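A look at the structure
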Amino acid sequence: MSHEKDKLTAEAKTIQIGVRKKSRRDFIKEVMKMPGGEKILECIQCGSCAGGCPTMFAMDYSPMQIIKMINLGMKEKVLSSSTIWVCSACYTCATRCPRNVNFPTLMMSLRNKTIRENLVKDCAKSDFHKYFFEVVNKYGRFHEPELLVKFLDMTNFDSLLHNARLGLRLFKRGKLQLRAPKIETSWVCSILEKTDQKESQ
Amino acid sequence: MKYAFYPGCSSHSTEKEYEDSTKAICKVLDIELVEVPDWNCCGAIDAVYSFKPLYSIALAARNLAITKKMQMDMVTPCSACYFTLNRTNKILREDAGTKSKVNEALANIGFNYNGSVRVWHLADILLSDIVLQKIKEKVKIQLTNLNVASYYGCYLVRPPKICNFDDPEHPTRLDNLVETIGASKVDYYGKTRCCGALLGITDEELALKMSKDILLSAKNSGANCLATACPVCHFNLDARQKDIESRFDIKINLPVLHFTQLVGLAFGIEPKQLGLQRNCVSPRKIYPLTMTSVS
Ligand code: SF4
Ligand code: SF4
C-alpha cells in the first residue's frame, strides 16, 4: 500500500516539475516575442550592460542578471524586480551589448506586461505611465501641472513643500503654463479605440 | 532652407526659452521653420509606450503623417522627440504587422503613413557644413572666455540605429559648434551620461544623483557653463539644480544654457529675446565673459 502511495507522490512530483518546466519555457518564449526580447538567448553574460548602467546602484538585479533570470524562466522574480522600473531607458547597455540585446526596450515591454496583468508591486511608478497617458489623451499634448498634481502625495508634508518650492521657482520664471494646451483633440479617441482593439488581438 | 518644425511639449511650455532661442537664431541663419499644424505629443520615450505601445506609435505617426503632407523634412530641438519619432519611423519601416495596425488607426482620422519622413535634430541642421559656415560668418561676439561643457546625454547619440547624430561613445560635434562661436570646449566624464530623464518625476532621488554627477564632472573639468540640446535634460540640470544642491549639501551654481542660447549670444542677440531670464540658474555671471552690453 505504502509502495503504491510513494509511486503516486513520485508521479505527482514529476508532473509538477513538468508543469514548472513548461511555464518557464512559456515565459522565455513569450519574452522572445516582445519588442526588445528578440535576442535574449544570445546573451553571453559579458557584463558590458551592467558595467555602464547609470542606474544599477538602485536596481535589485543588474541588467545582466535579469537577462540570465529570463533565460532561466524565472518569471515571478523578473516581473517583481525593481530593475524594470528603475531603468531610465538611456540605451547605454543596448549600444554596447556585443549581442544586440535591446534591454531598455524589453524593460518597457515588461512594464507593459505587468501593468496589463495587474502584477504591479510599486504602484507609484506604474501610475506615472497611466497618468501620463491620461493627460496626453485628454489634451493631445503633455501638460506638466496636471501630471504633477496627480502625482502629489498629499500625506507627505516634506514632499509637498519640496514640490511647492520647485513649482514656485518655475512659476517665477514663467515656466509653469497653467493653461492647458488647446489643440483639436477629437481624433484622439478614435486612435485610442482602434489601437486598443488591435492591442488586444 | 525650410523645415517642418516640431517643437515638442516641453519646448512649448516649461522650456519655452528653448523654442524662442531656436527661432531667434534660425531667423539670423535664414532657416525657415514652419510649425507642424496641430501637432500632438510624440509619445514621450517610454512614458506612453510602456502603457499602450500601439497608441504611442500611432501618436508619433500622426505627427509624421501631417508632416508628410507638408512635403518637408522635419526638425525638432528635443532629443527625446527625435528618438521617439525616429523609433516610430524604424518600426513602421521594418515591422509590417505594426505598420498595418497603426495605419488602420490612422485611416480613422484620414491619414496614412509608412515611415518616409526624414526627422532631424536641430543640432544636425546647424552642424551641416553650409550652416556651420554661415554661423561662422554671423558671429558678432567671440565668446572667448567661456569654457563650455557640451552635454549630449542619451538620445542625440543613442541608440545609434535610431539616433545617429554623432559617435555614441565619444561625440564631438557640439564641441565643434562651441569652437565655431569662439568658446573653448571642455572634455568631461559626464557628457553622454544619462540625466535621469523622466525618473525626475517617478524617482526624484535617483534622478538628482544622476544629474549631480554630470554637473560636478563638468564643473571639476573647468567648465563655466554647460550647454544642452534637449529640454528634458535642461530641466533636470537647470530647474532641479537647486534641489540637487540642497539634497547633497553642495554648491554647484553652474549655468546651464540651451545650445541655441549660446549661439544667440554669439550672434549678439539680446539675452531677453533668447529667454535667458527664464533659466533657473542665473546665467548672469557669464554675461561679462561674453562681453555683451547687458543691462
Ligand atoms: S551586454 Fe549583452 S551579452 Fe553582455 S551580459 Fe549584457 S545582455 Fe548579455
Ligand atoms: S538603458 Fe536602462 S539598463 Fe540599460 S544602461 Fe540605461 S538605465 Fe541601465
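Residues numbered from 1 in each chain as written. Chains lettered and ligands numbered in written order. Predicted model: local features only at pLDDT ≥ 70, side-chain atom pairs only at ≥ 80, totals over all residues. Heavy atoms only, no water.

1. What about the sheet that holds strand 2 (residues 32–35) of chain B?
All names here are of chain B. Note the threshold: Note on pairing: two strands pair once DSSP finds at least 2 bridges between them. A run of H or I in DSSP becomes a helix once it reaches four residues, and a run of E becomes a strand once it reaches two; helices and strands are each numbered from the N terminus. Between the N-to-C directions of two axes lies an angle of 0 to 180 degrees, each axis being a line fitted to C-alpha atoms and, for a helix, fitted only over the stretch in contact. Residues count as neighbours in contact if any of their non-hydrogen atoms are within 4.5 Å of one another.
Strand order across the open sheet formed by 4 strands is 2-1-3-4, with parallel pairing between neighbours. In the strand order of this sheet, the two ends are held by strand 2 and strand 4 (119–121), each with one partner. Neighbouring strand axes in the sheet, compared pairwise and without regard to direction, differ in orientation by 40° on average. Sheet topology places strand 1 (residues 2–5) next to strand 2; 4 bridges connect them, and they run parallel. Following the sheet pairing, Y3 is matched in strand 2 by L33. Of the strands in this sheet, strand 1, strand 2, strand 3 (74–76) and strand 4 touch helix 3 (residues 53–70), which is tilted by about 130° from strand 3. Here helix 4 (residues 79–94) sits on the sheet in contact with strand 3 and strand 4, set at roughly 160° to strand 4.

2. Digging into the domain arrangement of chain B
Residue and element names in this part refer to chain B. Defined as follows: Domain delimitation in this document rests on an assignment produced automatically or drawn from a domain database. Summed over both partners, buried area is the accessible surface (1.4 Å probe) that two parts give up on being assembled. Salt bridges are defined by distance alone: a side-chain nitrogen of Lys or Arg within 4 Å of a carboxyl oxygen of Asp or Glu.
By domain assignment, chain B separates into domain 1 (2–122) and domain 2 (138–293). For domain 1 versus domain 2, the distance between C-alpha centres works out to 24 Å. Of the roughly 2,400 Å² buried between domain 1 and domain 2, counting both surfaces, carbon and sulfur atoms make up 74%. A per-residue breakdown of the area domain 1 buries against domain 2 is headed by E17, Y18 and I25, which together make up 23% of the total. Counting every contact that joins domain 1 to domain 2 gives 0 salt bridges. Contributions of two or more residues to the side of domain 1 that touches domain 2 are made by helix 1 (9–12), helix 2 (16–28) and helix 4. It is helix 2 that contributes the most residues to the side of domain 1 that touches domain 2, 9 residues altogether.

3. Let's talk about the interface of chain B and chain A
Inclusion rule: We define a polar contact as two N or O atoms separated by no more than 3.5 Å, with the added condition that, inside protein, one atom must be a possible hydrogen donor and the other a possible acceptor, whereas residues neighbouring each other in sequence contribute only through side-chain atom pairs.
Of the residues lining the interface, 65 residues belong to chain B; the matching set on chain A comes to 56 residues. Both faces combined, the contact of chain B with chain A buries some 5,500 Å², and carbon together with sulfur accounts for 63% of it. Here chain B is connected to chain A by 9 salt bridges. Where chain B meets chain A, there are 27 residue pairs in polar contact (both at pLDDT 80 or more).

4. Quick notes on the domain arrangement of chain A
As far as domains go, chain A holds domain 1 (2–116) and domain 2 (123–199). One C-alpha centre belongs to domain 1 of chain A, the other to domain 2 of chain A; they are set 31 Å apart.

5. A short note on the site of ligand 1
Quick note on the threshold: Neighbouring residues are identified by heavy atoms, a residue being near a molecule or strand if any of them is within 4 Å of it. Polarity classes work like this: nonpolar for Ala, Val, Leu, Ile, Met, Phe, Trp, Tyr, Cys and Pro, charged for Asp, Glu, Lys and Arg, and polar for all others, with Gly in that last group.
In the region of ligand 1, the neighbouring residues are C43, I44, Q45, C46, G47, S48, C49, M64, C97, P98 and V101 of chain A. Taken together, the residues of the shell around ligand 1 sort by class into 8 nonpolar, 3 polar and no charged.

6. Digging into the site of ligand 2
What surrounds ligand 2 is a group of 14 residues, the closest being C53, C87, C90, Y91 and C93 of chain A. Here the shell around ligand 2 is composed, by residue class, of 11 nonpolar, 3 polar and no charged.

7. Brief notes about unusual backbone geometry
Residues and elements named next belong to chain B. Cis geometry is found at the peptide bond from R158 to P159, where omega equals -15°. Mapped onto the fold, P159 is located in the loop between strand 5 (147–150) and helix 8 (173–180). Phi is positive for D38, close to 60°, though the residue is something other than glycine. One can find D38 in the loop between strand 2 and helix 3.

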